[in-house]
Structure formats: structure tokens, C-alpha cells
Amino acid sequence: MNTNLAYQEEPREELLHGEIYMMSSPTVNHNRVASHIFNAFFNYLKGKPCEAFADGTDVYLTEVDRVIPDTMIICNRDIIHPDGIYGAPDLVVEVLSPSTAKNDRGYKKDLYEKSGIKEYWIVDTKLCSIEAYLLTDGKYRLGGVYQLPTDDMTKRERETCTSTIPASLYNDFCIPLEEIFYNLF
């Protein structure tokens, strides 16, 4: 393991309502899920006008809000600049971490709604579930909760589980949940 500080990356941080929030290093499951979603977005969007971005790209939404989503899709290429995204992506994905869950479900969800982000996914790696929020008349409504069936579910609960999640930007774009939650601990 390299412990030389010269080789370590700068700490990652978001700016929420003017306050700096340090971001912890993601877990293996967090990275796997974010990567699987990005790969699905990237592969589907080849040759289409929209573009997928992975974790690490700053998104400037207001003068006091700079976020780093886990994955996103951008269709308006005018907001893409060498140092980040200046404006609202079309779809944002946040994979929950214990240190960020409160902001992902609270302030950031409200910020994404006010910023006009059309679709917002909140991904829970422990439950293997995704909440998809769709912007309708300026407000988010829950478009669906998508979850892999688990052994502790009742038969009825397992029957109501959906095996794919649609991305609303395209009518024919669905991702199998088994691909998203593949190979988790």
C-alpha cells in the first residue's frame, strides 16, 4: 500500500447551501453498483445525443451548491465544460452511504427538484432497491420503487418486485436489477 501523501488524491467534497461536506471513500458495493449503472447508461447511450458521466464530475447547480453525483445523464451538451457541469443534468443517481443518506434523501433531493433534474434515483445497496423520482409540474413524484426479491419477503411481496428499472429519458431503456446489484457482498 502506498502511504506517500504525494500520491494520495485530494479529499472529495460537496458544497451544499454554502457548507462544505466531506465525502468518504465509497465501499466496494457502492462502487460496484455505481459502476454497473454507469456502464448500462454508457452502453445504451452510444450514438445518442445524451451522455453518461461517472462519479467524480462536479455539478454546479447554484452559487452555493456543487455536488458530485455517483452517475448522471446529460442531454444538453452546452452545460458540459472542462472543469465540470454547469446546470442541471437530466438524470442523477445517488448510491446511499451511511454518511450521505440524510442529504441524498433531504437537501439534495430538494435541490435536484428545484434545479429541474427530470429524474432522480436513490439506490440502496443493502436492500438492493432503487427509488425513482420523476419531475412532474416542478415537483418530484415517486415513479416507482424497484427491488430484487429477498428471502425474507412474503410471497406476495416477491411477486410485486419488478426485475428492471426504466430510465424515463428513453421509452425503450430498461436496466435489469440483477445487472445493477450483481456481485455484491
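Keep in mind it's a predicted model, so treat the numbers as computed, not measured.

Engineer: Looking at this structure, I do not really get the nonpolar core. What am I missing?
Structural biologist: Nonpolar side chains in soluble globular proteins generally cluster together in the buried interior. One finds F41, W121, I165, I180 and F181 to be the most contacted residues of the largest nonpolar core, which totals 29 residues. Those elements that place two or more of their residues in this core are α1 (28–45), β9 (91–95), β10 (119–124), β11 (129–136) and α5 (177–180). A per-element tally of this core places α1 first, with eight residues. When sequence neighbours within four positions are dropped, the list of residues in contact with I165 reads W121, I130, A132, Y146, F173, C174, I175, L177 and I180. In terms of nonpolar packing, the next biggest core, distinct from the first, is built from 18 residues, L16, F53, V59 and I85 among them.

Engineer: What exactly am I supposed to notice about the state of the cysteines here?
Structural biologist: In protein structure, a disulfide is the covalent linkage between the sulfur atoms of two cysteines. The final tally for this structure, using the stated rule, is one disulfide. Across the disulfide, C50 is cross-linked to C75 (sulfur-sulfur distance 1.9 Å). Between C50 and C75, the S-S dihedral sits near 100°, and the bridge is therefore right-handed. Of this pair, C50 sits in the loop between α1 and β3 (51–54) while C75 sits in the loop between β6 (71–74) and β7 (80–81), placing them 25 residues apart in sequence. Residue C128 stays outside any disulfide, its sulfur separated by 11 Å from that of C161, the closest cysteine.

Engineer: Is there a simple way to think about the pairing of strand β2 (residues 19–22) in this case?
Structural biologist: Remember that side chains alternate between the two faces of the sheet whenever the strand is regular. Pairing analysis gives four bridges linking strand β1 (residues 13–16) to β2, with the strands arranged antiparallel. Across the sheet, L16 pairs through a bridge with E19, a residue of β2. Between β1 and β2, which pair antiparallel in sequence order, lie two residues; one of them, H17, sits at a positive phi of approximately 50°.

Engineer: What is the right way to read the side chain of D104 from this model?
Structural biologist: Within the element layout of this structure, D104 appears in helix α2 (residues 101–105). Within polar-contact distance, the side chain of D104 engages the side chain of K108 at 3.3 Å. For D104, the contacting residues outside a window of four places in its chain are E94, V95, L96, K109, Y120 and I122.

Engineer: Is there a simple way to think about the sheet that holds β11 in this case?
Structural biologist: Note on sheets: strands pair through backbone hydrogen bonds, and any given pair is parallel or antiparallel. Here six strands make up an open sheet; going across it, the order is β3-β6-β9-β10-β11-β12 and the pairing mixed. Sheet topology places β3 and β12 (139–147) at the edges, where each strand pairs with a single neighbour. Across the sheet, the mean angle separating the axes of adjacent strands is 15° when strand polarity is ignored. Of the strand pairs in this sheet, β10 and β11 are connected by six bridges, and their pairing is antiparallel. Residue pairing for β11: D124 is matched across the bridge by S129. With respect to the sheet, helix α3 (residues 107–115) is in contact with β9, β10, β11 and β12, its orientation differing from that of β12 by roughly 125°.

Criteria and thresholds
- Residues numbered from 1 in each chain as written.
- Predicted model: local features only at pLDDT ≥ 70, side-chain atom pairs only at ≥ 80, totals over all residues.
- Heavy atoms only, no water.
- Core = buried A, V, L, I, M, F, W, Y, C linked by side-chain atoms within 4.5 Å.
- Buried < 20%, exposed > 50% of the residue type's maximum accessible area, 1.4 Å probe, protein only.
- Helix = DSSP H or I, 4+ residues; strand = E, 2+ residues; numbered from the N terminus.
- Contact = heavy atoms within 4.5 Å.
- Disulfide = S-S within 2.5 Å.
- Pairing = 2+ DSSP bridges.
- Polar contact = N/O pair within 3.5 Å; in protein donor to acceptor, adjacent residues only side chain to side chain.
- Axes fitted to C-alpha atoms, helices over the stretch in contact; angles between N-to-C directions.

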